[in-house]
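So you can see what is in the structure, the chains are spelled out below.
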Amino acid sequence: MSNQIRHELVHTDAHLNMLTHNLLFTISCFLGCSAEFYVIDDRIGLGREFDGIGGLSGGGATSRLLVNYEEPYRSHILDFLFKPNFGASLHILKVEIGGDAQTTDGTEPSHMHSKDEGNFFRGYEWWLMKEAKKRNPNIKLIGLPWAFPGWVGEGTQWPYFFPNVTADYVVTWIYGAKQHHNLEIDYIGIWNEKKYDPVYIKVKKKKLDLYSVHYPGTKTVKEALLTEKKLWSSEDYSTFDDDIGAGCWARILNQNYVNGRMTSTISWNLIASYYENLSFGGDGLMTADEPWSGHYVVESPIWMTAHTTQFTQPGWFYLQTVGNLTHGGSYVALTDRKGNLTVVIQTMTHNHSQCIRPPLPHFDVSPQIATFQLKGSFAHLTDLQVWYSKLDFETKKDTLNLPVSTQVYNGSFTLKLDVDEVYTITTVNTGQKGTYPESPNSRPFPKNYSDDFTIDNPPFSEAPYFADQTGVFEYFRNSTDNGSHAFTLRQVVTERPVTWARDADQTISIIGDYSWTDLNVSCDVLIETPVTGGVFLAARIDQGGESVREAKGVFYWIYANGTYKVTNDIGGQRVLAEGLSGTREGVWYTLTLRIKGYFATGMLNGYPLWKNAVVLEPKNGWTALGTLSFEYAQFDNFEVNAE
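Residues numbered from 1 in each chain as written. Predicted model: local features only at pLDDT ≥ 70, side-chain atom pairs only at ≥ 80, totals over all residues. Heavy atoms only, no water.

Once that is clear, we can look at the UniProt feature "domain: Glycosyl hydrolase family 59 C-terminal lectin" (unreviewed entry) in the chain. Per the UniProt record, "domain: Glycosyl hydrolase family 59 C-terminal lectin" (unreviewed entry) is annotated on residues 468-642. A helix fraction of 0% and a strand fraction of 54% characterise residues 468-642, whose end C-alpha atoms lie 21 Å from each other. (UniProt positions renumbered as here; feature names shortened; annotations may be inferred. Helix = DSSP H or I, 4+ residues; strand = E, 2+ residues; numbered from the N terminus.)

The subject of this paragraph is the pattern of salt bridges. Applying the stated rule across the entire model yields 20 salt bridges. With a shortest N-O distance of 2.6 Å, Asp79 and Arg135 are connected by a salt bridge. Of this pair, Asp79 sits in helix H2 (residues 73-82) while Arg135 sits in helix H3 (residues 125-135), placing them 56 residues apart in sequence. Residues Asp79 and Arg135 agree in their burial class; the two are buried. Of the charged contacts, one joins Arg496 and Asp505 as a salt bridge, the two residues approaching to 3.3 Å between their closest N and O atoms. When its relative accessible area of 36% is taken as the criterion, Asp505 is described as partly exposed. Salt bridges sharing partners connect three or more residues here, namely Asp79, Glu131, Lys134 and Arg135. (Salt bridge = Lys/Arg side-chain N within 4 Å of Asp/Glu carboxyl O. Buried < 20%, exposed > 50% of the residue type's maximum accessible area, 1.4 Å probe, protein only.)

Before going further, it helps to examine helix H7 (residues 243-258). Taking 1.5 Å per residue, 16 residues should reach 22 Å; H7 reaches 22 Å between its end C-alpha atoms and fits that length. Ile252 marks where H7 bends most, by close to 30°. Counted residue by residue, H7 has 15 buried out of 16 residues, so it is predominantly covered. With a side-chain oxygen positioned 3.2 Å from the backbone nitrogen of Ile244, the residue opening H7 is Asp242. (Expected span 1.5 Å × (residues − 1). Bend = angle between axes of the 7 residues up to and from the residue. Polar contact = N/O pair within 3.5 Å; in protein donor to acceptor, adjacent residues only side chain to side chain.)

Taking the numbering used here, the UniProt-annotated feature "active site" (unreviewed entry) corresponds to Glu193 and Glu235. In sequence the annotated residues extend across 43 residues, while in space they remain close, none of their C-alpha pairs exceeding 10.1 Å. Summarising the element assignment, Glu193 is placed in the loop between strand S6 (187-188) and helix H5 (198-204). Residue classification places Glu193 among the partly exposed residues on the basis of a relative accessible area of 42%. Non-local contacts of Glu193, meaning those with residues more than four positions away in its chain, are made with His214, Tyr215, Glu235 and Trp500. Following the sequence through the fold, Glu235 ends up in strand S8 (residues 230-237). According to the relative accessible area criterion, Glu235 is buried, its value standing at 5%. Glu235 has contacts with Leu56, Trp146, Asn192, Glu193, Val213, His214, Tyr215, Ile266 and Trp268, leaving out every residue within four places of it along the chain. Side-chain polar atoms of Glu235 contact the side chain of Tyr215, separated by 2.6 Å. (Contact = heavy atoms within 4.5 Å.)

What follows deals with helix H4 (residues 163-181). Relative to the 27 Å expected for 19 residues at 1.5 Å per residue, H4 spans 27 Å between its end C-alpha atoms, a close match to the ideal helical length. Turning to H4, its buried residues are Pro163, Thr166, Ala167, Tyr169, Val170, Trp173, Gly176, Ala177 and His181. One or two steps after H4, the chain reaches Asn182, where phi turns positive at roughly 55°.

Turning our eyes to something else, we now look at unusual backbone geometry. A cis amide bond links Gly59 with the next residue in sequence, Gly60, at an omega value of -10°. The topology assignment puts Gly60 in the loop between strand S3 (52-57) and H2. Put simply, Glu617 and Pro618 share a cis peptide bond, and its omega is -10°. Look at Ser89: it is not a glycine, yet its phi comes out positive at around 50°. Relative to the helices and strands, Ser89 resides in the loop between H2 and strand S4 (92-97).

Take a look at the structure:
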């Protein structure tokens, strides 16, 4: 069947669903529904200026796997996020200013590991901002630090002892964005969800352009409203990208303005592109966590976003005639002051629109008939586009962004509104539901995988699929070795950062399939720190993200002091085996870890070093490599074979 025929059949099926919906609505409303009237009018003046809808990459490492997708799938994903009049069509991209520390799902590298160096090509946020700008040159860019390298805090966990140092660190990132990537940063945050120092704020910016809040529950405190400053929900949603997540997102996109007069809402996160078993796995506007297969899923929150973003732009204004519907739900109306009008209506029910935070007070929504009277400069409108979505929790057959028809009669239009629906009524005729051929089928991480890190000019600083959880592991050109270890992966954070989460005291980068149980994994390792240095190879890692400090698994350690240890935890407290290894710094060793059932065996340079350590838990998890402390160490020729 051709894609065109398939598209037409889907389109027809959606129309049939719409007709069925209207019939059922008519039956359910036959005895109890009467029309409620609402006015859309600009004669009493306009409301606040609309600043746009956005997504957040970071806080942390939430786009980690996206960069490893092959074309054309990577471009398809980016189009669904950023391409105007196609998918989410986002107006704003907010990114983390990497601070070398764990900030929810991983670490993002800093542009300055130390005060004496700068590198504006680490990580993937530069790339992501450029890709967003490529698709939408008008997209606004925001940077926000979650964590800072240790040198910024002068060995403390407080970045404000020397506010000029902290301010200069952030300003350097802004200048680097412009100088190296031609990116203009529009807004900068202070420190994510931490206490702020007034001196630092003064150093950084003498005038605050706006007030922002995270997870406001659609409400704004009176004191903020009285300032008459711009008000943003600069981090919101944080909910699974299923239909309940879509309901949450559709509801707050309207009610953040109706209830809280917030003119921008930014989703954490932009895209669930990290290992699913990390913190908040599956949050995002869509899912793309299988670069090895190319599989991704355009989830319903993308189309809830489109109801607003494809039919408005920053610089439009809300009308003052916005509000809640009599029988539940809400509506907003916006204009470009040039004759265009967009009205967005949502009727999400309580149980189908709960966000992860904050708790949602009870409310009722029921089927209703709503008549909207167009007044003022909109009274003459006769030709309106209508886009319709229905989250159907009974049949599981959603209708998403379907163009339908309505009639404007004597300056008004009437809609039969059922529960869990979104309507966009607009003069804008450029909207569309973008499509690409279906992505490849989902597949688990390859059971047989290897990487020798031999790449002369890597496009990104991280090796594919490795997800740093504490510390930063970067491609490294080993100038002192012209042989088999000229290209390696190196852990480069050498002092504890000013952390946002509870980073482990040991650095660790995970890779693979969380369901893996029995396997062989090997890696060449080089300890760089004399006497106190150490490295590990591990499997069955059961935790990462904000819980990385509590990670359990099978950790095979060797140390520069000539010993080894096998532990059941990253902290090294539950010892399974230990003894002499003869290892020291500056020498390459090959570690091999074999796990079968409840038993684990370790090899050193191909010879057994320890055998049959009993492993009762965990029964499955990722593989990993890492170091004893924040120290330099190198890794090469990683290979895993899972059963």
